[in-house]
Amino acid sequence: MLYGLCAVAGLITMVVIAEVVYQVVSGASPAISRFGLGFLWHSTWKPNFFVFGAGEMLFATLVTSLMALALATPIGVSIGLFLSMLAPRGIRGVVGPLIEMLAAIPSVILGLWGVIVLAPFVQQHVEPWLHGVLGFIPIFGVAQTTGLSVFTAGLVLTIMVVPIVASLSRDLFLSVPRELQDGAAALGATRWEVIRGVVLPSTSSGVIAAALLGLGRALGEAVAVAAVIGGGSALHASLFQPGTTLAARLIDEITSLDNKLHLAALFYLAVILLVIGVLTNLIAQAIASRLGNQTMLAR
Amino acid sequence: MTLGDGGPITLGEGASSGTEVVSRRVRIQTTARPQTTTPSQRATSPDRDGASAATGRAVVFDARGVSVSYGAKRALAPITMKIYRNLITALIGPSGCGKTTLLRSLNRMNDSVPGFKLEGQILYHGHDVYGSAVNRVEVRRRIGMVFQKPNPFPKSIYDNIAWAPRNLGLKQDLDERVERALRDAALWDEVKDRLRDPALGLSGGQQQRLCIARAVAIEPDVLLLDEPASALDPISTLAIEELMQALKPRYTIVIVTHNMQQAARTADRTAFFSLDDNRVGTLIEYDDTEKIFMRPADTRTRDYVTGRFG
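Presented here is a report on the structure given in the accompanying data block. Nothing here was measured: the structure is a model prediction, and the numbers come from that model.

1. Re the overall build of chain B
On a plain count of helices and strands, chain B comes out with 11 helices and 10 strands. A separation threshold of at least 6 residues defines the contact pool for chain B, and within that pool the share at least 24 residues apart is 70%. When the accessible surface of chain B is summed, it comes to about 13100 Å², and 50% of that surface belongs to carbon and sulfur atoms.

2. A few points about the packing of aromatic side chains
This structure, assessed with the given rule, holds 12 aromatic pairs over all chains. Considering the side-chain rings of Phe272(B) and Tyr304(B), the 4.9 Å spacing of their centres and the 35 degrees angle between planes classify their relative orientation as tilted. Remark: Tyr304(B) occurs in helix H11 (residues 299-305) and Phe272(B) occurs in strand E9 (residues 269-275); sequence separation between them is 32 residues. Taken as a pair, Phe272(B) and Tyr304(B) share a single burial class, namely buried. An aromatic cluster is built from Phe35(A), Phe39(A), Trp45(A), Phe52(A) and Tyr268(A), whose rings are joined through pairwise contacts. Lying across the ring of Tyr158(B), Arg196(B) places its NZ or CZ 4.4 Å from the centre. When the ring centre of Phe153(B) is taken as origin, the NZ or CZ atom of Arg214(B), which lies over that ring, is 4.2 Å away.

3. Details of the interface of chain A and chain B
Counting from both sides, the interface comprises 27 residues of chain A and, opposite them, 36 residues of chain B. Summed over both partners, the interface of chain A with chain B comes to about 2500 Å²; 58% of that surface belongs to carbon and sulfur atoms. Summed over the three residues of chain A that lose the most area to chain B, namely Arg178(A), Glu179(A) and Leu187(A), the buried surface amounts to 27% of that side. Here chain A is connected to chain B by two salt bridges. The partner of Arg104(B) in a salt bridge is Asp182(A), and the shortest N-O contact between them spans 3.2 Å. Applying the counting rule to chain A against chain B returns five residue pairs in polar contact (both at pLDDT 80 or more). Only helix H3 (89-104), helix H6 (178-185) and helix H7 (191-220) of chain A provide two or more residues apiece to the side of chain A that touches chain B. When residues of the side of chain A that touches chain B are assigned to their parent elements, the largest contribution, eight residues, is made by H7(A).

4. What about the nonpolar core?
Counting residues in each nonpolar core, the largest one holds 50 residues, and the members touching the most others are Phe151(A), Phe173(A), Val198(A), Leu239(A), Phe153(B) and Trp163(B). Ranked by residue count, the leading element in this core is helix H5 (residues 150-174) of chain A, at 13 residues. Once residues lying within four places of it in the same chain are set aside, the contact partners of Trp163(B) are Ala184(A), Leu187(A), Ala189(A), Glu193(A), Val194(A), Gly197(A), Val198(A), Phe153(B) and Lys155(B). Val178(B), Leu195(B), Ala213(B) and Met260(B) belong to the second-largest nonpolar core, a separate cluster that totals 46 residues.

5. Section: helix H8 (residues 234-247) of chain B
All names here are of chain B. Look at H8: 20 Å from first C-alpha to last across 14 residues, which is about the 20 Å you get at 1.5 Å a residue. Restricting attention to buried positions, one finds in H8 the residues Ser 236, Thr 237, Ile 240, Glu 241, Leu 243, Met 244 and Leu 247. Each buried residue of H8 sits inside an arc of 155 degrees when the element is viewed along its axis, so together they form one side. Every exposed residue of H8 that faces more than 90 degrees away from the buried side is listed here: Pro 234, Ile 235, Glu 242 and Ala 246. Of the surrounding secondary structure, the elements contacted by the buried residues of H8 are strand E3 (88-92), helix H5 (174-184), helix H7 (204-216), strand E7 (222-226), strand E8 (252-256) and helix H9 (260-266). Regarding H8, its N-cap is Asp 233, as a side-chain oxygen of that residue lies 3.0 Å from the backbone nitrogen of Ile 235 further along.

The rules behind these values
- Throughout this description, residue numbers start from 1 for each chain and increase along the sequence as written.
- Chains and ligands are labelled sequentially in the order written, the chains with letters from A and the ligands with numbers from 1.
- Only residues with pLDDT of at least 70 get local features here, since the model is predicted, and only at 80 or more are side-chain atom pairs given and counted; chain-wide, interface and lining totals rely on the full set of residues.
- Heavy atoms from the whole structure form the basis of all side-chain values; hydrogens and water molecules are not counted.
- Each helix is a run of H or I in the DSSP string that is no shorter than four residues. Each strand is a run of E no shorter than two, and both are numbered from the N terminus.
- Two residues qualify as a contact provided that any one of their heavy atoms is within 4.5 Å of a heavy atom in the partner residue.
- Each accessible area is a Shrake-Rupley estimate made with a 1.4 Å probe; only the visible protein chains count as cover when residues are assessed.
- To pair, rings of Phe, Tyr and Trp, with the six-membered ring standing in for Trp, must have centres within 6.5 Å; the planes then decide the type, stacked if under 30 degrees apart, edge-to-face if over 60, and tilted in the middle.
- Each residue gets one of three labels from its accessible area relative to the maximum for its type: buried under 20%, exposed over 50%, partly exposed in between, using a 1.4 Å probe on protein chains only.
- Over a ring means this: the NZ of a Lys or the CZ of an Arg is within 6 Å of the ring centre and within 35 degrees of the ring normal.
- Accessible area that two parts lose when put together, with a 1.4 Å probe and added across both, is what the buried area reports.
- One side-chain nitrogen of Lys or Arg within 4 Å of one carboxyl oxygen of Asp or Glu is enough to make a salt bridge.
- Polar contact is the term for a pair of N or O atoms within 3.5 Å; when the atoms are in protein, one must be able to donate a hydrogen and the other to accept it, and sequence-neighboring residues count only if both atoms are side-chain atoms.
- What we call a nonpolar core is a set of buried Ala, Val, Leu, Ile, Met, Phe, Trp, Tyr and Cys residues that are connected through their side-chain atoms within 4.5 Å.
- Every helix has an expected span of 1.5 Å times one less than the residues it contains.
- Taken from the helix axis, the directions to the C-beta atoms give the arc we talk about.

Any functional reading would require information beyond the geometric quantities listed.
What follows is the structure in structure tokens.
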């Protein structure tokens, strides 16, 4: 009886996945047959002229997500190290759950906060400063009027990815055998040498997998990004210009369709998103399972 | 000995200004490897005529009224004992009698155990191991340790040995240092052609000898061995015991063992620990190994070494 129930639950999951994939792909098929793979790099998006291209969104999606990855990985790993190795017991008990709570904040609330607090702050302080110091690099252009930008979206995504990387890497670091750390400490190694020489090397694949899971989260995030990215529609080198991502475009336009092809093009965006998301997860899982073998066999 | 979780390391390890002074003094004393003993360091065995193995030897550790508790639980009742240079000192006794606790207290490996508290004094060449200005890292650099379960790092054989010297800045002639350590641990001939292979591909006995090589590579003064052969087969055990004898002229060795034959075979001095009426570990008798096994003074020691207890 229980077996049957569980089997049915598992089956339903598979059916739902298959159904979603089928609907998305079949919904996108008019756009796929009309634009082909060229859709991926054409960057004109004009629904009323029946011209659609995902290039600009794909670009902004990758930029915001990679920015989040680049910022959140070192921050998250540092928090993980702090919580697993360095912090006194009392502080761990407080900070650990707080970090996990950060992951539980609904993204719409983060988006709201991004619009009201983060974007003005970034526009007034962060962007001018970065432009002043690093302005010779094209990605740090002149700050725009609102602060709603690719850069701000990347920051919001960073905030969403940090707790994932932090809690996963903390658990990884805690799983490093005590005997190994003792063995290193007994050789006159400082705490930092133990971390650098034993803890980080034996968890590196897992940390990479954690970062990729965070990347998956960032790639698919729609609501918070749509709120703060500003919704521009041209390719810009500067991070401080507005833009839009695959997911943000989807959520912005799904309720205001111009024509049937428009819907199909949005579905095509969903297909791209689905492929990217699945790929990221598969890679993360492959790395994580290699880590499992590695810690068992150490080969 | 597994320690439940990754507890925080609560005692500071920052190099305060006083730390340098202390560690430098320690270094000066310990680099004088030949047995220069001052009268004050001379072993005193009041009840004996001077035939003891300890006679005339420098005191490396002087434990004075050392007791240990973990939180509210007392693990070791106050003990007083001296450990002498270039001898093998065995700590024997039934499980839970505090011998491993004492061993791990000698190089402050218990610092990371939650609730660990030590009272009394452990003097190492006259310096309080737990003194406020003492750098724990420096203590462990002088006092090496090999654990019950072989714990090589998931690195190559070479890097297992070279890791600690690199940390300490001993980068000159690293290849020679690695070879010397592996020869000291009687492992060189078995691994010389595969130094880049992962250390975890070695057998258990080889892994344990690798851990000994790793420990001697930074030329410590003392080797603490925590049941180093308990997870090994008899042949590997024998190899470890021969190794201890070979290392004895250059190191002071303290070994915890459950194996009484091993203590009888290898140790010059043996300390017998047991549990007192409150189930707290306590030192019953400490003397030359021969005396402990042939003419023990305490009936509890006799019962244990003859197998009537435990």
